[in-house]
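# Analysis of the macromolecular model
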Amino acid sequence: GAVVSQHPSRVICKSGTSVKIECRSLDFQATTMFWYRQFPKQSLMLMATSNEGSKATYEQGVEKDKFLINHASLTLSTLTVTSAHPEDSSFYICSARVAGMGGDTQYFGPGTRLTVL
Amino acid sequence: AQKITQTQPGMFVQEKEAVTLDCTYDTSDPSYGLFWYKQPSSGEMIFLIYQGSYDQQNATEGRYSLNFQKARKSANLVISASQLGDSAMYFCAMREGWAGKSTFGDGTTLTVKP
């Protein structure tokens, strides 16, 4: 299957700082990537769809000014959590869309655990 | 209305036995895809198996098979010969149309007992 990497895997930061998370497709080009947020023992919540070369599409209720998404190349999308606060602490997972004969499949990165103190 | 429903928050199975994880879905789109992912405690989402809405046969991947009942809108995951390493959270997901985002169920935590 397709390989997606995420960096960093874990980050601890102080309240008010910004944190950038990178998502890379390693062996394929991804025109579309997705960013999810997951709280402990809960399902994945889609935050936004990242499209290469254009603005991200945010889900309802997600602050676009707080969660900045940049998809500058066909293999890299970044999520920046600006002015992070403790309530932003969560597990953030990206995925990349791979087209197939029967439709798209999403392959996920290993996730980034963000802790804001 | 929830589009993907997993009614089993937790399941237990004895090692080497088979287990079925339930998933029902709701869509009016004739083209859709159904997925199962495994999430161990490390957090990574591992793709297990895929079933397209037009696929005539049930999908199989090693010890995983998807019991696709289109009329009942169910897509249950069957894991045969359970192993201790199968203990994890399992998510069912649906993609409506050929491309785009998927909707995830609430997940089922599977525990394999030795």
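Computed from a predicted model, the values in this text were never measured in an experiment. (Residues numbered from 1 in each chain as written. Chains lettered and ligands numbered in written order. Predicted model: local features only at pLDDT ≥ 70, side-chain atom pairs only at ≥ 80, totals over all residues. Heavy atoms only, no water.)

### Re the layout of surface pockets
- There is about 390 Å³ of room inside the largest pocket.
- Along its surface, the largest pocket is lined by 19 residues, and P40 and K41 of chain A together with Q39, P40 and S41 of chain B are the ones closest to its centre.
- With three residues, strand β11 (residues 112-116) of chain A is the largest single contributor of residues to the lining of the largest pocket.
- Within the lining of the largest pocket, the residues separate by chemical class into seven nonpolar, 10 polar and two charged.
- What the second largest pocket holds in volume is close to 240 Å³.
- For the second largest pocket, the lining is made up of 15 residues, of which L44 and L46 of chain A together with S102, T103 and F104 of chain B are closest to its centre.
- Of all the secondary structure elements, the ones that give two or more residues to the lining of the second largest pocket are β5 (44-51) of chain A together with β11 (102-104) of chain B.
- A breakdown of the residues in the lining of the second largest pocket according to their chemical character gives six nonpolar, five polar and four charged. (1 Å grid on protein atoms, 1.4 Å probe; cavity = no way out; pocket = protein on both sides within 12 Å on 5 of 7 lines; lining within 4 Å. Points joined across faces, edges and corners; volume = space filled by probe spheres on them. Helix = DSSP H or I, 4+ residues; strand = E, 2+ residues; numbered from the N terminus. Nonpolar A, V, L, I, M, F, W, Y, C, P; charged D, E, K, R; others polar.)

### Things to note about the state of the cysteines
Residue and element names in this part refer to chain A.
- Under the defined criterion, the tally for this structure stands at two disulfides over all chains.
- Covalently, C23 is tied to C94 through a disulfide, its sulfur atoms 2.0 Å apart. Because the sign of the S-S torsion sets the handedness, a value of about 80° for the bond joining C23 and C94 places this disulfide among the right-handed ones. Here C23, found in strand β3 (residues 19-25), pairs with C94, found in strand β9 (residues 90-98); they are 71 residues apart in sequence, far enough to count as distant.
- Since its relative accessible area comes to 0%, C23 is described here as buried.
- Distance from the sulfur of C13, which forms no disulfide, to the nearest cysteine sulfur (C94) is 18 Å.
- Look at C13 and you get buried, because its relative accessible area is 10%. (Disulfide = S-S within 2.5 Å. Buried < 20%, exposed > 50% of the residue type's maximum accessible area, 1.4 Å probe, protein only.)

### Quick notes on the pattern of salt bridges
- Counted by the stated rule, this structure contains seven salt bridges over all chains.
- Between K101 of chain B and E59 of chain A there is a salt bridge whose closest N-O contact spans 3.0 Å. In this pair, K101 of chain B sits in the loop between β10 (88-96) and β11 while E59 of chain A sits in the loop between β6 (57-58) and β7 (67-73), so the two residues belong to two different chains.
- The class of K101 of chain B is partly exposed, set by a relative accessible area of 41%.
- Notably, a salt bridge pairs D88 of chain A with K66 of chain A, separated by 2.9 Å at the nearest N-O pair. Of this pair, D88 of chain A sits in the loop between β8 (76-81) and β9 while K66 of chain A is found in the loop between β6 and β7, placing the two residues 22 residues apart along the sequence. (Salt bridge = Lys/Arg side-chain N within 4 Å of Asp/Glu carboxyl O.)

### Some words on the packing of aromatic side chains
Residues and elements named next belong to chain B.
- Scanning the model with the defined rule gives 12 aromatic pairs over all chains in all.
- In this structure, R63 packs its charged tip against the face of Y64, placed 5.8 Å from the ring centre.
- Of note, K113 hangs over the ring of F12, and the distance from its end group to the ring centre comes to 4.9 Å. (Phe/Tyr/Trp six-rings, centres within 6.5 Å; stacked < 30°, edge-to-face > 60°. Lys NZ or Arg CZ within 6 Å of the ring centre and 35° of its normal.)

### Looking at the pairing of strand β12 (residues 108-113) of chain B
All names here are of chain B.
- What you see with β12 is a clean split: T108, L110 and V112 sit on the buried side and T109, T111 and K113 on the side with no burial.
- Bridge analysis of strand β2 (residues 10-14) against β12 gives five bridges, and the strand direction is parallel. Looking at β12, one finds that G10 is bridged to T109.
- As paired strands, β10 and β12 are joined by three bridges and run antiparallel to one another. Following the sheet pairing, A88 is matched in β12 by L110. (Pairing = 2+ DSSP bridges.)

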